[in-house]
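The residues making up each chain are set out below.
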Amino acid sequence: MKKIPLGLISLVLWAISASVFLYFFLSGNVSESIDGRVAIHLNSQEKNLVLTEMRGLLASVNGIVSALAEDDYKKAELAASASGMEMVKKLEDEEKTILLKLPIEFKQLGFGTHDQFDKIAEDLRQKKDTKSILKELDKLTQNCVRCHATYKIAF
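Only a predicted model underlies this, so the values are computations on that prediction, with no experimental measurement involved.

Let's talk about the overall build of the chain
At step 1: Of regular secondary structure, the chain possesses 6 helices and 3 strands.
At step 2: Start at the N end of the chain and walk to the C end: the helices and strands fall as α-β-β-α-α-α-α-α-β.
At step 3: A separation of at least 24 residues holds for 77% of the contacts in the chain among residues at least 6 apart in sequence.
At step 4: Accessible surface, the chain as shown: approximately 9,900 Å² in total, 62% of it carbon and sulfur.

In structure tokens, the structure reads:
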């Protein structure tokens with residue numbers, strides 16, 4: 001009987017581990033829910049974190065709209081910036097465990113939404129044109145609608 005080199009065994013085990021990690025990173029911990037949406041399975045602490053972040057996004061949208069109604073572009077910029085990629089960096093440590101449970105499309109939609117907040121903040125600094133800001137806000141809220149129509153958080 002021929003011995004299998006230890007290096008080959010290590011390589012195979014590494015490849016299997018990497019494949020499992022990649023599978024979960026791409027697909028997440030999901031199932032189809034009764035209403036046809038994708039149910040993302042999180043524990044109660046993870047669910048609370050995601051929902052808290054979503055409420056923060058909604059508060060930023062409200063802050064932008066409220067400030068624009070007053071022609072206060074600085075206040076609108078601050079509201080937009082609060083939900084940009086800086087928010088992701090602040091929550092990075094808490095969200096590390098959640099990332100494997102989220103499907104790749106959800107992650108892309110989430111990061112795209114944070115990027116859109118940053119784009120709106122930049123536009124508010126540069127353009128100060130309410131109509132173009134509202135168009136960008138429309139793109140952003142389409143992400144919100146698509147996310148809530150596609151996904152739900154489950155235990």
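Still to come is the rest of the account.
Here's the deal with the pattern of salt bridges
At step 1: The final tally for this structure, using the stated rule, is 9 salt bridges.
At step 2: In this structure, E46 engages K101 in a salt bridge whose closest nitrogen and oxygen atoms are separated by 2.8 Å. Note that E46 is positioned in helix 2 (residues 44-69) and K101 in the loop between helix 4 (85-99) and helix 5 (104-126), a separation of 55 residues in sequence.
At step 3: Owing to a relative accessible area of 8%, E46 belongs among the buried residues under this scheme.
At step 4: Accessibility expressed as a relative area gives 23% for K101, which makes it partly exposed.
At step 5: Note that K139 and E136 form a salt bridge whose closest N and O atoms lie 3.3 Å from each other.

Quick look at helix 6 (residues 130-150)
At step 1: When the terminal C-alpha atoms of helix 6 are compared, their 30 Å separation across 21 residues agrees well with the 30 Å that a helix rising 1.5 Å per residue should span.
At step 2: Taken together, the buried positions of helix 6 are S132, I133, E136, L137, L140, N143 and C147. Buried residues of helix 6, viewed axially, fall in a sector of 145 degrees; they line one side. Looking at helix 6, the residues exposed on the side facing more than 90 degrees away from the buried face are K131, K135, V145 and A149.
At step 3: In this structure, the buried side of helix 6 is in contact with helix 2, helix 5 and strand 3 (151-154).

Quick look at helix 2
Because an α-helix packs 3.6 residues into every turn, residues spaced three or four apart end up facing the same way.
At step 1: For helix 2, spanning 26 residues, the distance from its first C-alpha to its last is 37 Å, which sits close to the expected 38 Å at 1.5 Å a residue.
At step 2: Every buried residue belonging to helix 2 is among E46, L49, V50, E53, M54, L57, S60, V61, G63, I64, A67 and L68, and all of these are buried.
At step 3: The inward-facing, buried residues of helix 2 contact helix 3 (73-81), helix 4, helix 5, helix 6 and strand 3.
At step 4: Where helix 2 begins, one side-chain oxygen reaches toward the backbone nitrogen of Q45, 3.0 Å away; that side chain belongs to N43.
At step 5: The positive-phi residue at the C-terminal boundary of helix 2 is D71, with phi of around 55 degrees.

Quick look at the packing of helix 2 against helix 4
At step 1: Running from amino to carboxyl end, helix 2 crosses helix 4 at an angle of 155 degrees, the nearest separation of the two axes being 10 Å. As far as their axial angle goes, helix 4 and helix 2 are roughly antiparallel. Two packed elements cross with a definite hand, and for helix 2 against helix 4 that hand is left-handed. In this structure, helix 2 contributes E46, L49, V50, E53, G56 and L57 to the contact, and helix 4 contributes M87, L91, E94, E95, T97 and I98.
At step 2: Residues belonging to the contact of helix 2 with helix 4 are distributed by class as follows: 6 nonpolar, 2 polar and 4 charged.

Analysis parameters
- Residues numbered from 1 in each chain as written.
- Predicted model: local features only at pLDDT ≥ 70, side-chain atom pairs only at ≥ 80, totals over all residues.
- Heavy atoms only, no water.
- Helix = DSSP H or I, 4+ residues; strand = E, 2+ residues; numbered from the N terminus.
- Contact = heavy atoms within 4.5 Å.
- Areas by Shrake-Rupley, 256 points an atom, 1.4 Å probe, with all protein chains shown as cover.
- Salt bridge = Lys/Arg side-chain N within 4 Å of Asp/Glu carboxyl O.
- Buried < 20%, exposed > 50% of the residue type's maximum accessible area, 1.4 Å probe, protein only.
- Expected span 1.5 Å × (residues − 1).
- Arc of directions from axis to C-beta.
- Polar contact = N/O pair within 3.5 Å; in protein donor to acceptor, adjacent residues only side chain to side chain.
- Axes fitted to C-alpha atoms, helices over the stretch in contact; angles between N-to-C directions.
- Parallel < 35°, antiparallel > 145°, perpendicular 65-115°, else oblique.
- Left-handed = near helix turned anticlockwise from the far one by under 90°.
- Nonpolar A, V, L, I, M, F, W, Y, C, P; charged D, E, K, R; others polar.

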